Amino acid sequence: MRCEQFVAQTIRRASWLICSVFVLSTSQFLYAQTLPNLDEILKRADQEREKYGREFKNLVATETKKFEVLKNDGTVKERRTVRSIFIIYDLNRSDTSIEFRNVVEVNGKPIADAEVRTQKFFEQLAAAKSQSIERKRLYDEIIRHDLAFIFTGLTQYQSPTLEERIRPYFSFSLDSVEHRDGRQVFRISFQQLRECPFISVNRKPRAANVALSLTYDLGFPDFVELRERLSGVLLIDAVSFQLVREERRMTLFPEGFTDRVTLNENVFEYQPSEFGIMTPETITHVQYFVNLKDRKSLKRGQVRFEYSGFTKPDIQVKSDTAP
């Protein structure tokens, strides 16, 4: 009798196991059947990238930049922390916008009369006689507290490799579908295949009427051939197709070098928000110095951007007060 009960229990357990495996296999099969192909994922992600650009320009946030500059031996030379109110500013007489940082604190010390200075600055900006003067005043203002590294646009724009005009210059691979912070994400790696007119390191655009997406000025002579290549990884939400994380690496292969060397590395982390887009959480930029004479690159430091307190100002009130 006990033997018969044991056999019956064993059969029931085996049946349950087989059924569970069948259900799991069926669900995996159905998911595989509905999984969008790589091209569709990239197109949807590009649409969300454009949406990010439209929505993000209406937001204000607190930004903290942490600079760390290294000596040649790799030890820390200097550190600086800069806290700002971050906005996207629309240039006058143009559809162009630019990142603007109203610095309120440096290394924990508040900027004296920050509000008064900001008011005077925008009065001067409004009086600018040309867009070039306006742009220069903005640029000089937003970098005056930065340390060693100067760059703009990292926060305002998401991955340029997703743009329709740039994708043909890259190879893409759907490596896996992963779970991250309670969501499914597509892990996609990318690699630049050839020179791209929209990505420039130390040279002017090589195609007429091209607005570059990524530019790097190293101060080298224009005739130096650097053969830049961009590579990295994208994590894209499997439901919203919004960018969750990007890892980006730029390498160079100047003439005479035996291998590629790193120019910079970036990691972009995004967080959910109430504004219909993933907003920046942290951006880490690691900078290297490429020594053409010694044919190597050395890490010179990094900057970490941290964002919090995103709000959406009352745009209508601002427009009502405009002349």
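What you see is a predicted model, and the numbers here were worked out from it, not measured in a lab.

### Thoughts on empty space enclosed by the protein
Per the stated rule, a full pass over the model turns up two cavities of 30 Å³ or more. Counted as a void, the largest cavity has a volume near 60 Å³. In terms of lining, the largest cavity is formed by Ala45, Glu48, Arg49, Tyr52, Gln158, Leu162, Ile236, Phe241, Gln242, Leu243, Ile277 and Met278. No other element matches helix α2 (residues 38-56), which puts four residues into the lining of the largest cavity. Here the residues of the lining of the largest cavity sort into eight nonpolar, two polar and two charged.

### A short note on helix α4 (residues 131-142)
The first and last C-alpha atoms of α4 sit 16 Å apart over 12 residues, in line with the 16 Å expected at 1.5 Å per residue. Every buried residue belonging to α4 is among Glu134, Leu138, Glu141 and Ile142, and all of these are buried. With its buried residues spanning 90° around the axis, α4 presents them on a single face. α4 presents Ser132 and Lys136 as exposed residues on the side facing more than 90 degrees away from its buried surface.

### Topic: the sheet that holds strand β11 (residues 261-271)
The 11 strands are arranged β4-β3-β2-β1-β13-β12-β11-β10-β9-β6-β5 in an open sheet whose pairing can be described as antiparallel. The two strands at the open ends of the sheet, each matched to only one other strand, are β4 (109-110) and β5 (170-180). Bridge count between β11 and strand β12 (residues 279-291): eight bridges; the pairing is antiparallel. From the neighbouring strand, Phe268 faces β12, where its bridge partner is Ile283. Against the sheet, α2 makes contact with β2 (76-90), β5, β6 (183-192), β9 (229-237), β11, β12 and β13 (296-311), and its axis sits at roughly 80° relative to β5, the strand it touches most. Strands in contact with helix α3 (residues 114-126) are β2 and β3 (97-106); relative to β3, the strand with the most contacts, it is inclined by about 155°.

### Side note on α2
Between its first and last C-alpha atoms α2 spans 26 Å; for 19 residues at 1.5 Å apiece the expected length is 27 Å, and the two agree. The backbone nitrogen of Asp39 lies 3.2 Å from a side-chain oxygen of the residue at the head of α2, namely Asn37.

### So, the pairing of β11
For β11, a buried count of eight out of 11 residues is recorded, marking the element as mostly surrounded by other parts of the structure. Bridging between strand β10 (residues 243-252) and β11 involves eight bridges; their strand directions are antiparallel. Following the sheet pairing, Thr251 is matched in β11 by Thr262.

### Some words on the side chain of Arg167
Structurally, the position occupied by Arg167 is in the loop between α4 and β5. For Arg167, a relative accessible area of 12% puts it in the buried group. Those residues within four positions of Arg167 in sequence are excluded, and the remaining contacts are Leu42, Lys43, Asp46, Thr161, Leu162 and Phe172.

How each quantity is defined
- Residues numbered from 1 in each chain as written.
- Predicted model: local features only at pLDDT ≥ 70, side-chain atom pairs only at ≥ 80, totals over all residues.
- Heavy atoms only, no water.
- 1 Å grid on protein atoms, 1.4 Å probe; cavity = no way out; pocket = protein on both sides within 12 Å on 5 of 7 lines; lining within 4 Å.
- Points joined across faces, edges and corners; volume = space filled by probe spheres on them.
- Helix = DSSP H or I, 4+ residues; strand = E, 2+ residues; numbered from the N terminus.
- Nonpolar A, V, L, I, M, F, W, Y, C, P; charged D, E, K, R; others polar.
- Expected span 1.5 Å × (residues − 1).
- Buried < 20%, exposed > 50% of the residue type's maximum accessible area, 1.4 Å probe, protein only.
- Arc of directions from axis to C-beta.
- Pairing = 2+ DSSP bridges.
- Contact = heavy atoms within 4.5 Å.
- Axes fitted to C-alpha atoms, helices over the stretch in contact; angles between N-to-C directions.
- Polar contact = N/O pair within 3.5 Å; in protein donor to acceptor, adjacent residues only side chain to side chain.

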